[in-house]
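Okay, here's what each chain looks like letter by letter:
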Amino acid sequence: MELGKEMTAHKESYDSEDVKDLIDCLMKEQENAIAEGSAKVDSLTETHLLQTVSDLFQAGTDTTTTTLHWAVALMAQHPEIQQKVAEEVDRVVGRDRPPSVEDRGQLPYTEACMYEMLRYSTVAPVGVVHATMEDVALGNYMIPKDTWVMVNQWAIHFNEKHWDEPTKFKPEHFLDESGGVRQHPEGFLPFSFGRHVCLGESFAKAEIFILFSWLFQQYTFSIPPGHEGKFELKLDSSTGLVNQLLEYDIVAKKRF
Ligand code: HEM
């Protein structure tokens, strides 16, 4: 979606009596702030509106949908892990209601699996590009002002110092000896860190947990017959900053 074009189209069709979606809502807030002469105007400029929509649709949506594409593909590739998740969800949640965020502490294997998927896919492999605003000393390095800086999250997520078998998809990476979930292990930074850490981190974790556990409560995903052993996850190299997968075929079978 080209957001600039979308904003222009919304401006042309805007009707304050018929607010249809988020962009219309923001335009209405802007209109009210101007009419009331409110100080809010300063945080409802055209740039703010565009950035808010971009945060929700790009920062918030691309990352989450890409993560779920990875989830389905990885679980189809690892049917034994998928079965364990489905069994845990059946045992704790049952089949009469969808999983909810309150189930999170009760589904350790499922949650560990979700974190492992965030590690293994590393959908934002170098985070978002930043730049130094002044000369900065970091360890033994001097980084001059106006240098682009990226965090190589992919390298951290596949570093043997942090993970016993980094190239393997292994939910046990996130389970401790007593079967509890390792919430913040060293070397796990899918949402980056510091002042610009992902604003949606808590929301994304809750949202992905609900969708992830629901998918495997409802469906069994498998590799199409005849493709077993040949199923490969390939990165779409045209997408730049997000680790998207190339399209793949999958069989989804309703569980009940
Ligand atoms: C799997 C899901 C997600 C992943 C892996 C992810 C990852 C990231 C990463 C790596 C950054 C860059 C941090 C930096 O600049 O160093 C970021 C920034 C951001 N994310 Fe997320 N994100 C996810 C979901 C979401 C969701 C659901 C939302 C909002 C509803 C969101 C909103 C944002 C915003 C607004 C920023 C910019 C923060 C800033 O520059 O101050 N993200 N995210």
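Starting from 1, residues in each chain are numbered consecutively following that chain's sequence as written. With pLDDT at 70 or above as the cut-off, local features in this predicted model cover only qualifying residues; side-chain atom pairs require 80 or more to be listed or tallied, and sums for whole chains, interfaces and linings still use all residues. To get the side-chain values, all heavy atoms of the structure are used, and hydrogens and water are removed first.

Participant: I'd like a rundown of the environment of S238, residues and numbers included.
Facilitator: Put simply, DSSP marks the helices as runs of H or I at least four residues long and the strands as runs of E at least two long, and each gets a number from the N terminus on. Mapped onto the elements, S238 comes out in the loop between β5 (219-222) and β6 (251-254). Burial classes: relative accessible area under 20% of the type maximum marks a residue as buried, over 50% as exposed, and values in between as partly exposed (1.4 Å probe, protein chains only). Overall, S238 belongs to the exposed group, its relative accessible area being 62%. In the structure, S238 is positioned 169 residues away from H69 in sequence and 17 Å away in space, judged by C-alpha atoms.

Participant: An account of the nonpolar core is needed here, citing residue identities and associated values.
Facilitator: Generally speaking, a soluble globular protein has its nonpolar side chains buried in company with each other. Think of a nonpolar core as a cluster: buried Ala, Val, Leu, Ile, Met, Phe, Trp, Tyr and Cys residues, connected wherever their side-chain atoms sit within 4.5 Å. Core analysis: the largest hydrophobic core is formed by 36 residues, its most contacted members being M75, M117 and F212. Sorting the residues of this core by element identifies α3 (46-77), α4 (79-92), α5 (108-121) and α7 (201-218) as the ones contributing at least two each. Broken down by element, the residue count for this core peaks at eight residues, all from α3. When residues no more than four places from it in sequence are discounted, the contact partners of F212 are L68, A71, M75, T110, C113, M114 and M117. Any pair of residues with heavy atoms lying within 4.5 Å of one another is described as a contacting pair.

Participant: Which residues make up a nonpolar patch on the surface, and what values do they have?
Facilitator: A grouping of L22, L56 and F57 is seen on the molecular surface, where their side chains present a nonpolar patch of about 240 Å² in accessible area. Tracing the chain through its elements places L22 in helix α2 (residues 22-36). According to the relative accessible area criterion, L22 is partly exposed, its value standing at 33%. A patch is a set of surface residues, each over 30% in relative accessible area and not in a salt bridge, joined within 9 Å for like charges and within 5 Å for the nonpolar side chains Val, Leu, Ile, Met, Phe, Trp and Tyr. Surface accessibility in these figures is a Shrake-Rupley result with a 1.4 Å probe; residues are shielded only by whichever protein chains are displayed. One speaks of a salt bridge when a side-chain nitrogen belonging to Lys or Arg is within 4 Å of a carboxyl oxygen belonging to Asp or Glu.

Participant: Explain α2 residue by residue, including any values.
Facilitator: Helix span, expected: 1.5 Å multiplied by one less than the number of residues in the helix. Given a rise of 1.5 Å per residue, 15 residues ought to cover 21 Å, and the 21 Å separating the end C-alpha atoms of α2 matches this to within 8%. Among the residues of α2, I23, D24, L26, M27, Q30 and A33 are the ones counted as buried. Against α1 (3-13) and α3 lie the buried residues of α2. Of the residues one or two after α2, G37 is the one with positive phi, at around 65 degrees.

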